[in-house]
Number of protein chains: 2
Amino acid sequence: MGFKELIDFSKARSDYLNIMHPLGRFEFIGISDSVGRILANDIKTQFPLPYFNKALMDGYAVKSADTFGAGIETPKLLKIVGSIEIGVNSKIKLGAGEAIRIATGAMLPDGADAVVKIEDTEPVENNEKIKVFKPVSPGGNVMHVGEDYPAGRVVLSSGHQVTPQDVGLLANLGYKKLRVATKPRIAIFTTGNELMSLEDFTEQEMGNINHADLAPGKILDSNRYLIQALVEWGGGLVADVKHLKDDVDLIKDTLDSAISSVDIMIFSGGTSVGEKDMMPVVIHQYHQVIHHGIAIRPGSATLLGRTKVQGKPILCVSGFPVAAEVAMLSFGVPAIRKLMGASILDPRVIVPARLGRAVPSKGFGIRRMLRVKLTWDNSGPGELPVADPVKLSGSSAQRSIVESDGFVTIPENCEGYEAGTIVNVRIHPH
Amino acid sequence: MGFKELIDFSKARSDYLNIMHPLGRFEFIGISDSVGRILANDIKTQFPLPYFNKALMDGYAVKSADTFGAGIETPKLLKIVGSIEIGVNSKIKLGAGEAIRIATGAMLPDGADAVVKIEDTEPVENNEKIKVFKPVSPGGNVMHVGEDYPAGRVVLSSGHQVTPQDVGLLANLGYKKLRVATKPRIAIFTTGNELMSLEDFTEQEMGNINHADLAPGKILDSNRYLIQALVEWGGGLVADVKHLKDDVDLIKDTLDSAISSVDIMIFSGGTSVGEKDMMPVVIHQYHQVIHHGIAIRPGSATLLGRTKVQGKPILCVSGFPVAAEVAMLSFGVPAIRKLMGASILDPRVIVPARLGRAVPSKGFGIRRMLRVKLTWDNSGPGELPVADPVKLSGSSAQRSIVESDGFVTIPENCEGYEAGTIVNVRIHPH
């Protein structure tokens, strides 16, 4: 590796996240635009739900006491004094011995305390009265004010990420707008003399690159796009993107001039300990290295740092795409979410699965990220999906993440897993 | 229920999806904007990856035959004739008995067929020559042209939904733009005289509704926002949203005038078989009912239809939020995705879990959607999360989806599940 010592992953992650705090910046947005955003404060009910007593059945609003003792042989006779449709503010008042026809969802009239179901009644005397064949208890078939939610109840907490389901509830609670965390501003700088930028190619019919356009020895800068997509997936705003040559002064100057306008700086490439690796040089010399060399594979060359002035987080990820992905998901995305005050820093879904084959032990002390593909043998209950480690033909790490569904963490102290072991798969961003 | 007969869920779903076909509309977009979009064609490699032979180690490019027989006691002596850095188009040609210093990732020079690792060599004679202590086989430590992907290989298929990881690969393959399915245009019409629209309230400081603003007997129209969020989550574009009073002519005219400008029409409310339920009346009388009354709970009042002219899909969902959610996830989202040619019609993630308590049998012949909350007892291997059915206090179905993580399907023929049974949880859109 070239690193004298690798820092424990969990320590590195918590030391890094501990240098940062929620930005406390927020904006008001309409609920229609709020899916995926992080709430900046608790959402409380502004009024009780429901805010009026509501019939839960089609039938008759009654005083329950008037139905006590009712039976098939001993029906109670009540006088029909009106009817209430859904959506109407009922102003009829129910007296003793009276019944009011009511629809499911309609507002219970004053004086009534229960709804007797239509099927427990029979109209008589030209629909002027009903016979009630079954008693109803006080409150029967009525949903009372605040039964769903009383007023002032917290229904969604600060730091929660809004879902489509939440949007429906928020509308029901009378929220048109929400206060959400502003998206942190992220700068992405890819370094490396060997990189060609897609942006430098002239537009063709579909804008794509032909074989003839490629400069032998160089490679296309793909990390810029991978990191950008992961930043956006994590909730960040890409405020600046540049490709930089391997030049200490250029890197230093670019970093310094970005500090005041962004919240996190992400660099790709040049993070290892070789003579062409400029990032450790720049950060050591002009800013602060928190950790460099982390006990996780891929991703061990990751550098975690912060700027000398303003203490803003710096993340330097490897130029190798899978190592960059691991570093982004382990440090970059959690950092973005911490700055937004999100309560969940790693939003990936976890799916338990059975390992399709044994995973042998490899060097203790290093956490490994195994790429696996999931197969569902059987969609019925009682079956877990099978997680097969993705075979790397050649050394294309990038192919291995595109062709896998997620990562399985093999902990530092693990001697490997037997085939069939139940493991947790963290599903790739999608 | 009021339905004479309920149609089997799977039959209803396939009959409905069979009336529709991919729209065949597409657009070109930059890869940075492509996450979540559906590919309109297969993506092939435009050139082999890598497109030049590449050193996999720091060391010396050599003719492997020159190293055969090398050993600690019998080193081979090679003459250093140059060096190749990463990113450079090497024009040096390697002759017999020669070695060229090369960096990981750099282009292998003509004449070389292997790389001998730096640690298996020792410079001698003022760095003019090296001793090689270990033989390297032909192709050793070299990644050959096309070893990752040959040219013309399909790497992502038509109908695939683009992920952040894909974006990295696409950049590497020289794609700046992609052809993706255009988002289907969806109209959302909520019906019901009892609904108040959030839009009708004057803007206040935060735009939210106070208790005093509420009209007793009425409820806020939340389905409009829920359905809109689910349409967008599924990949559709909300092209029209309106609230309609319960008026057959108004509903008919609105539907007729939307036909030519949208791809799917979704109605909420009035789908059951009561006298105030207008949707079955309108669709029966002027268009075509495919199925009305489906053996799924919640969601049984769903109506699946299509327009008389142009045969466009109509989906009528219940006004009850959870029933609307089930219908959207079972029919609405799959319809949107089928129109885009997506290969996966239901994109929810499935998480296996152990039921926290027994789920009793309730009426055969009807598929049930159980709302569950997941708890991870232990993040280590060998443990499944526990899925606890969400208790409904009162009858707030909406609360039950916000407070749950997903649905467990209880099939039509199931007699219930024991506590501890492994079930599949379909995670709510998030």
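Remember, it's a predicted structure, so these values are computed and weren't measured experimentally.

*Asks:* Before we go on, may I ask you to explain the confidence of the model for chain A in this structure?
*Replies:* Note: predicted coordinates in regions of low pLDDT should not be interpreted at a detailed level. Of all residues in chain A, 96% have pLDDT values of 70 or greater, and the mean over the chain is 93. Scored as a whole, the predicted complex attains pTM 0.94, and scored at its interfaces, ipTM 0.94.

*Asks:* Please clarify how the pattern of salt bridges should be interpreted in this entry.
*Replies:* When charged atoms on two side chains of opposite charge get close, those side chains can pair. A full pass over the atoms with the stated rule returns 25 salt bridges over all chains. Its salt-bridge partner being Asp346 of chain B, residue Arg426 of chain B comes within 3.6 Å of it at the nearest N-O pair. Of this pair, Arg426 of chain B sits in strand 28 (residues 422-427) while Asp346 of chain B is found in the loop between helix 6 (321-339) and strand 22 (350-355), placing the two residues 80 residues apart along the sequence. Assessed through its relative accessible area of 30%, Arg426 of chain B is described here as partly exposed. Among the salt bridges present, the one from Lys373 of chain B reaches Asp405 of chain B, with a minimum N-O distance of 3.6 Å. In this pair, Lys373 of chain B is assigned in strand 24 (residues 367-375) and Asp405 of chain B in the loop between helix 7 (397-402) and strand 26 (406-410), connecting sequence segments 32 residues apart. The partly exposed category is assigned to Lys373 of chain B, whose relative accessible area is 39%. Connected through salt bridges with shared partners, the residues Asp346, Arg348 and Arg426 of chain A form a single ionic network.

*Asks:* Please clarify how the interface of chain A and chain B should be interpreted in this entry.
*Replies:* Size of an interface: often given as the accessible area lost when the parts come together. Contact with chain A, which involves 95 residues of that partner, is made by 95 residues of chain B. Buried surface at the junction of chain A and chain B, summed over both partners, amounts to about 8000 Å²; 60% is from carbon and sulfur atoms. Looking at the side of chain A facing chain B, the largest losses of area belong to Tyr51, Gln165 and Lys176 of chain A, adding up to 10% of the total buried there. Where chain A meets chain B, there are two salt bridges. Glu85 of chain B is the partner of Lys276 of chain A in a salt bridge, and the nearest nitrogen-oxygen pair spans 3.1 Å. Run the count over chain A and chain B and you get 22 residue pairs in polar contact (both at pLDDT 80 or more). Among the secondary structure elements, those contributing two or more residues to the side of chain A that touches chain B are helix 2 (164-172), strand 15 (219-220), helix 3 (223-234), strand 22 (350-355), helix 7 (397-402) and strand 28 (422-427) of chain A. At eight residues, helix 2 of chain A tops the list of elements feeding residues into the side of chain A that touches chain B. When its residues are assigned to classes, the side of chain A that touches chain B shows 48 nonpolar, 28 polar and 19 charged.

*Asks:* I'm lost on the relation of the copies chain A and chain B in this one. Help?
*Replies:* The operation linking the two copies of the chain is a rotation about an axis combined with a translation along the axis. If you rotate chain A by 180° and push it 0.0 Å along the axis, it lands on chain B with an RMSD of 0.0 Å. Here the copies are linked by what is in effect a two-fold axis. Residue Val351 of chain A of chain A places its C-alpha closer to the rotation axis than any other residue of that unit, at 2.5 Å. Taken together, the interface assignments show that 100% of the residues at the interface of chain A recur at the interface of chain B, consistent with an identical surface on both copies.

*Asks:* What am I meant to see in the packing of helix 4 (residues 248-258) of chain B against helix 5 (residues 278-286) of chain B here?
*Replies:* When two helices pack together, their arrangement is captured by the angle between the axes and the distance separating the axes. Residues and elements named next belong to chain B. Relative to each other, helix 4 and helix 5 sit at 55°, their axes nearing to 10 Å. When the axes of helix 4 and helix 5 are compared, the pair comes out oblique. Considering the relative orientation of helix 4 and helix 5, their crossing is right-handed. In this structure, helix 4 uses Val248, Ile251, Lys252 and Leu255 to contact helix 5, whose residues at the interface are Met278, Met279, Val281, Val282, Ile283 and Tyr286.

*Asks:* In this structure, what is going on with the sheet that holds strand 16 (residues 237-244) of chain B? I would like to understand it.
*Replies:* Adjacent strands of a sheet form backbone hydrogen bonds with each other and so pair up, either parallel or antiparallel. All names here are of chain B. The mixed open sheet is built from six strands, whose spatial order is 16-13-17-21-20-18. The open sheet is flanked by strand 16 and strand 18 (288-292), the only strands paired with a single partner. Here the strands of the sheet are splayed against their neighbours by 20° on average, with no regard to which way each runs. Here seven bridges tie strand 13 (residues 185-191) to strand 16, and the two strands are oriented parallel to one another. Across the sheet, residue Thr190 finds its bridge partner in strand 16, namely His243. Where helix 6 meets the sheet, it contacts strand 13, strand 17 (264-268), strand 20 (303-306) and strand 21 (313-317), and its direction lies at approximately 165° from that of strand 21.

*Asks:* Help me out: how do you make sense of the packing of aromatic side chains in this one?
*Replies:* Aromatic ring pairs are defined here through the distance separating the ring centres and the angle between the ring planes. Under the definition given, this model contains ten aromatic pairs over all chains. Their ring planes at 85° and their centres at 6.3 Å tell us that Tyr16 of chain A and Phe331 of chain A sit as a pair that is edge-to-face. Linking Tyr16 of chain A in helix 1 (residues 9-18) with Phe331 of chain A in helix 6 (residues 321-339), this pair joins segments that are 315 residues apart in sequence. The two residues Tyr16 of chain A and Phe331 of chain A agree in class, both being buried. Ring geometry for Phe189 of chain B against Phe267 of chain B: centres 5.2 Å apart, planes inclined by 40°, an arrangement best described as tilted. With Phe189 of chain B in strand 13 and Phe267 of chain B in strand 17, this residue pair connects regions lying 78 residues apart in the sequence. Connected via pairs of aromatic rings, a cluster forms that spans Phe9, Tyr16 and Phe331 of chain A. Above the face of the Tyr60 of chain A ring, Arg101 of chain A is positioned so that its terminal group lies 5.7 Å from the ring centre.

*Asks:* How should the side chain of His291 of chain A be read in this particular structure?
*Replies:* Residues and elements named next belong to chain A. When you line up the elements, His291 lands in strand 18 (residues 288-292). Side-chain polar atoms of His291 contact the side chain of Asp15, separated by 2.7 Å. Non-local contacts of His291, meaning those with residues more than four positions away in its chain, are made with Ile7, Lys11, Ala12, Asp15, Thr302, Leu303 and Leu304.

*Asks:* Honestly, helix 6 of chain B in this entry has me stumped. Any pointers?
*Replies:* Given 3.6 residues per helical turn, the α-helix brings residues three or four places apart onto the same face. All names here are of chain B. The largest bend in helix 6 is about 45°, located at Met328. In terms of residue burial, helix 6 counts as a mostly covered element, since 19 of its 19 residues are buried. Positive backbone phi, approximately 75°, marks Gly341, located one or two places after helix 6.

*Asks:* Help me understand unusual backbone geometry, please; the structure alone is not making it clear to me.
*Replies:* Most peptide bonds take the trans configuration, and most residues that are not glycine carry a negative phi. Note the cis peptide between Leu49 of chain B and Pro50 of chain B, where omega equals -10°. For Pro50 of chain B, the location among the structural elements is in the loop between strand 2 (43-44) and strand 3 (54-55). Cis peptide bonds are those with omega within 30 degrees of zero, and the linkage from Arg297 of chain B to Pro298 of chain B qualifies with -5°. Topologically, Pro298 of chain B is positioned in the loop between strand 19 (296-297) and strand 20. Even without glycine at this site, Glu125 of chain A takes up a positive phi of about 50°. For Glu125 of chain A, the location among the structural elements is in the loop between strand 8 (121-124) and strand 9 (129-132). The exposure class assigned to Glu125 of chain A is partly exposed, which follows from its relative accessible area of 45%.

*Asks:* What exactly am I supposed to notice about the sheet that holds strand 4 (residues 59-62) of chain A here?
*Replies:* Residue and element names in this part refer to chain A. Taken together, the six strands give an open sheet; going across it, the order is 7-4-6-5-9-8, and neighbouring strands pair in mixed fashion. Of all the strands in the sheet, the pair left with one neighbour each is strand 7 (114-117) and strand 8. On average, each strand axis in the sheet is inclined to that of its neighbour by 40°, with strand direction left out of account. Looking at chain direction, strand 8 and strand 9 are connected through four bridges and run antiparallel. Each residue of the ladder has a partner; that of Thr121, found in strand 9, is Val132.

*Asks:* Just to check I follow, could you spell out the environment of Gly293 of chain A for this structure?
*Replies:* Residue and element names in this part refer to chain A. Residue placement: Gly293 occurs in the loop between strand 18 and strand 19 (296-297). Among the residues examined, Gly293 registers a relative accessible area of 0% and is labelled buried. Expressed as a C-alpha distance, the spacing of Gly293 and Glu5, which sit 288 residues apart in the sequence, is 7.0 Å. Beyond its immediate stretch of four places on either side in the chain, Gly293 contacts Phe3, Glu5, Leu6, Ile7, Ser300 and Thr302.

Here is what the cut-offs are and how they apply
- Residues numbered from 1 in each chain as written.
- Chains lettered and ligands numbered in written order.
- Predicted model: local features only at pLDDT ≥ 70, side-chain atom pairs only at ≥ 80, totals over all residues.
- Heavy atoms only, no water.
- pLDDT = per-residue confidence, 0-100.
- Salt bridge = Lys/Arg side-chain N within 4 Å of Asp/Glu carboxyl O.
- Helix = DSSP H or I, 4+ residues; strand = E, 2+ residues; numbered from the N terminus.
- Buried < 20%, exposed > 50% of the residue type's maximum accessible area, 1.4 Å probe, protein only.
- Contact = heavy atoms within 4.5 Å.
- Buried area = accessible area lost by both parts, 1.4 Å probe.
- Polar contact = N/O pair within 3.5 Å; in protein donor to acceptor, adjacent residues only side chain to side chain.
- Nonpolar A, V, L, I, M, F, W, Y, C, P; charged D, E, K, R; others polar.
- Least-squares fit on C-alpha atoms with pLDDT ≥ 70 in both.
- Axes fitted to C-alpha atoms, helices over the stretch in contact; angles between N-to-C directions.
- Parallel < 35°, antiparallel > 145°, perpendicular 65-115°, else oblique.
- Left-handed = near helix turned anticlockwise from the far one by under 90°.
- Pairing = 2+ DSSP bridges.
- Phe/Tyr/Trp six-rings, centres within 6.5 Å; stacked < 30°, edge-to-face > 60°.
- Lys NZ or Arg CZ within 6 Å of the ring centre and 35° of its normal.
- Bend = angle between axes of the 7 residues up to and from the residue.

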